[in-house]
Every structure is written in structure tokens, then in C-alpha cells.
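Summary of the model geometry
Listed below are the residues making up each chain.
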Amino acid sequence: MKQSRRVVMSLLALLLTLCLALPALAQEAAGTAQGFGGEVSVTLTIEDGKIVAASATGDAETEGIGSSAIEKMPALMVAGGAVDGDGVAGAT
């Protein structure tokens, strides 16, 4: 479980860095990080400093743990307009 949290938090840190580095224009940013079961890739569309679209893939992640985060995180990021891992990872 700790490994899954580390993966999710590392991915979120990468995404936050991408978000802060982009200008206010609508842009797409993509990042890939090593997950517990393999590579996890995330693509974000950012407009006026907010996430307006997101997608994530990581087919080799642990079913019910990493796969749950990959399934839920994009919608949570779009709904919140930002990267927030606590909603899925339970991390603090």
C-alpha cells in the first residue's frame, strides 16, 4: 500500500510541476512515471491555470489499488481544476 501511495504522490508531484511551469494559455502537458507495476502516463489540458481535461493510463498497475487511482484521478483533477491526491490515495 505504501508503494502505491508513493507512486501516486510521485505522479502528482510531476503533474503539479507541469501545471506550474505552463503559461495561462490552453496547453497540453504529458508525463510518465514508473508505477508499481509499470509505467503510468498522464496527459493534462490546462487553460487559464486550471486543468480542463485529463487522462491516465497504466495497464500494469495493481488491480483495485493503482488501477483505482488511474481510473478516478483524471475526473477529480478536472472537477477540482488542480492536482489533489488525497481524494484517491488517502495520503496526507
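Residues numbered from 1 in each chain as written. Predicted model: local features only at pLDDT ≥ 70, side-chain atom pairs only at ≥ 80, totals over all residues. Heavy atoms only, no water.

1. Side note on helix α2 (residues 66-80)
An ideal rise of 1.5 Å per residue puts 21 Å on 15 residues; α2 measures up with 20 Å between its terminal C-alpha atoms. The principal kink in α2, of about 35 degrees, is found at Lys72, preceding the proline Pro74 by one to four residues. Those residues of α2 not exposed but buried are Gly66, Ser67, Ser68, Ala69, Ile70, Met73, Pro74 and Met77. Looking at the residues trailing α2, positive phi occurs at Gly81, about 70 degrees. (Helix = DSSP H or I, 4+ residues; strand = E, 2+ residues; numbered from the N terminus. Expected span 1.5 Å × (residues − 1). Bend = angle between axes of the 7 residues up to and from the residue. Buried < 20%, exposed > 50% of the residue type's maximum accessible area, 1.4 Å probe, protein only.)

2. Examining the nonpolar core
Grouped together as the largest cluster of nonpolar side chains are 13 residues, with contacts concentrated most on Leu11, Val42, Leu44, Ile51, Met73 and Met77. At the level of elements, α1 (2-21), β2 (39-47) and α2 are the ones that each hand at least two residues to this core. Excluding its chain neighbours within four sequence positions, the residues that come into contact with Leu11 are Ala33, Val40 and Val42. (Core = buried A, V, L, I, M, F, W, Y, C linked by side-chain atoms within 4.5 Å. Contact = heavy atoms within 4.5 Å.)

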